[in-house]
Amino acid sequence: MPATASVPRRSSYSSGITVLAFGNLLPALASVASGPILAQALDVEGRGYVAAALAPFSLLTSLLTFGVPEATTYSVARDPHLARRIAGRSGLLLGLSGLLATATVLLSAGFLSGGVDAIRSLMLIAACALVPSLMVGALRGVAAGLGRWRYIALEKALSSVVKLAVLIPLWLSGNLTPLAATIVLAALPLLGGIPYLVVLARQPAIARSSDVTTPGLLRYGIKVWAGSLAGILLMRLDQSLITPLSDASQAGLYAVAVAIGEIPLMVSAAVRDVAFVSEASESNDDRLMKSARISTFLCGGIALVIGLTMYWWLPTLFGSDFAASVPVAAILLGAVVLGVPGSLAGSGLGGRGRPGLRSWSLIVACGVNILAIALLIPPFGAVGAAVGTLVGNLVAAGMNLFFVRRVLGLRVSGFLGLRRQDLLLVGRSIRSVVVRRRK
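Computed from a predicted model, the values in this text were never measured in an experiment.

1. What about the side chain of R148?
Tracing the chain through its elements places R148 in the loop between α5 (130-145) and α6 (149-172). Within the structure, R148 has its side chain in polar contact with the backbone oxygen of L146 (distance 2.6 Å).

As structure tokens, then:
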């Protein structure tokens, strides 16, 4: 079929955000639900073993993408007819990257495990899922570029449901060991990638004369990779280093705090992803700033509710040994909310072809974060890791806002605060999704 074959229309901007936000809700809830299950079944040290084993997996599945998922999304958003060709190229690149990631775990497991053989073995088991996990990222990038937010939401929901459907019986039967937990958390989410095969199958074929090449796909990826690398380190490095710099118990406390602290991301991540695609296809200053204000307000509200109540419910759900996670989670909640305006500003820079500026923000923030956690984790453990994340997020957000003002000419105040029309837009978006589902 020629490249001019029709491609289904993308979802509207507000609808895409709403659908993706609801799609992010289930993984957040599943993360919170699985936390108490793992804590009750494994105790603090066992939970720390699992957290330490999965930390390199989580880090490398994001670290060694070389900007390919972002380049895939950007390229597909600009020309949806090339989706199949781009998917093939990005899948190959990420498959090779997965092999590199696996080799990295094999070489570094001894150090990252803190010399504990049990943790090292679990790390190697989790590494077996690196290649397929990265390849699912290629398909997710295609779906995002096409604006198929419902399929992305379906992936998140399916992964969450399958994970809980296996964890709960294992827990109730007394068979939830660190080994079983590692396998479930690393491998079962891969099933969520099945819906993307439907998306790809529905895309039209393109003529062989297409000029899509692997180097062409990598051009954008190379520009954003340094920033992506720094951003991943900013988010995940603390979880990988807390065990060698402190101990497994602090890693267990921090894992619980991260699960709680990242709940507000269900909103900001949805807005960020949709904004990036929309800015790549058609820039809109007012829409970008309005998105930042709304997502900051919603994330702040969610964080406030969690922060004011978790003193009572967190020790009950996770066990009294995890009460020390409360102040850590509070710091991480603040870090997430304060970073939202800058995150949306970064999406605007990337979508408008200036990913290098966003990369500089993340590189500087990553350097500050590494210094902070190196100084703070040894004496303060999980609390020190959380403070390092807060400082890094503030630096990245501040620099992104500076760049959108200096380069794009946008007012920083436009990314902050809240207007009456913003609240009306939120209400209309939620109402439209509810009405559509009833029909």
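Now that the structure has been shown, the text picks up again.
2. A look at the environment of R78
When you line up the elements, R78 lands in helix α2 (residues 68-78). In the structure, R78 is positioned 200 residues away from S278 in sequence and 9.7 Å away in space, judged by C-alpha atoms.

3. A word on helix α8 (residues 194-201)
Side chains three or four residues apart in an α-helix point the same way, a direct result of the helix having 3.6 residues per turn. All buried positions along α8 are accounted for by P195, Y196 and V199. Angular distribution of buried residues about the axis of α8 spans 100°; they occupy a single face of the element. Turned more than 90 degrees away from the buried face of α8 sit L197 and A201, all of them exposed. Its buried side turned inward, α8 meets α5 and α6.

4. A look at the packing of α2 against helix α3 (residues 83-112)
For the pair α2 and α3, interaxial distance at closest approach is 10 Å and the crossing angle is 175°. Between α2 and α3, the crossing angle belongs to the class labelled roughly antiparallel. Seen from α2, the contacting residues are V68, P69, T72, S75 and V76; seen from α3, they are A83, I86, S90, L93 and L94.

5. Brief notes about the pattern of salt bridges
Tallied over the full model, the rule gives 3 salt bridges. As a salt-bridge pair, E155 and R140 come within 2.8 Å of each other at their nearest N and O atoms. Of this pair, E155 sits in helix α6 while R140 sits in helix α5; the two residues are 15 residues apart in sequence, bridging distant segments of the chain. E155 gets classed as buried once you look at its relative accessible area, which sits at 7%. For R140, a relative accessible area of 30% gives the class partly exposed.

6. Topic: the packing of helix α14 (residues 355-380) against helix α15 (residues 382-406)
Running from N to C, α14 and α15 cross one another at 160°; their axes reach a closest spacing of 7 Å. Judged by the angle between their axes, α14 and α15 are roughly antiparallel. Both α14 and α15 take part in a crossing whose hand is right-handed. Partitioning the contact of α14 with α15 into residue classes produces 20 nonpolar, 7 polar and 1 charged.

7. As for the nonpolar core
Ranked by size, the top nonpolar core spans 88 residues in total, and within it Y254, M310, L314, F322 and F415 carry the most contacts. The element contributing the most residues to this core is helix α1 (residues 13-63), with 15 residues. Look past the residues within four positions of Y254 in its chain and what remains in contact with it is D238, Q239, I242, V328, L332, A382, A385, A386 and T389. If you look at the next biggest cluster of nonpolar residues, it comprises 25 residues, including I86, L146, Y151 and A270.

The rules behind each value
Residues numbered from 1 in each chain as written. Predicted model: local features only at pLDDT ≥ 70, side-chain atom pairs only at ≥ 80, totals over all residues. Heavy atoms only, no water. Helix = DSSP H or I, 4+ residues; strand = E, 2+ residues; numbered from the N terminus. Polar contact = N/O pair within 3.5 Å; in protein donor to acceptor, adjacent residues only side chain to side chain. Buried < 20%, exposed > 50% of the residue type's maximum accessible area, 1.4 Å probe, protein only. Arc of directions from axis to C-beta. Contact = heavy atoms within 4.5 Å. Axes fitted to C-alpha atoms, helices over the stretch in contact; angles between N-to-C directions. Parallel < 35°, antiparallel > 145°, perpendicular 65-115°, else oblique. Salt bridge = Lys/Arg side-chain N within 4 Å of Asp/Glu carboxyl O. Left-handed = near helix turned anticlockwise from the far one by under 90°. Nonpolar A, V, L, I, M, F, W, Y, C, P; charged D, E, K, R; others polar. Core = buried A, V, L, I, M, F, W, Y, C linked by side-chain atoms within 4.5 Å.

Geometric descriptors of this kind do not, in isolation, establish any biological role.
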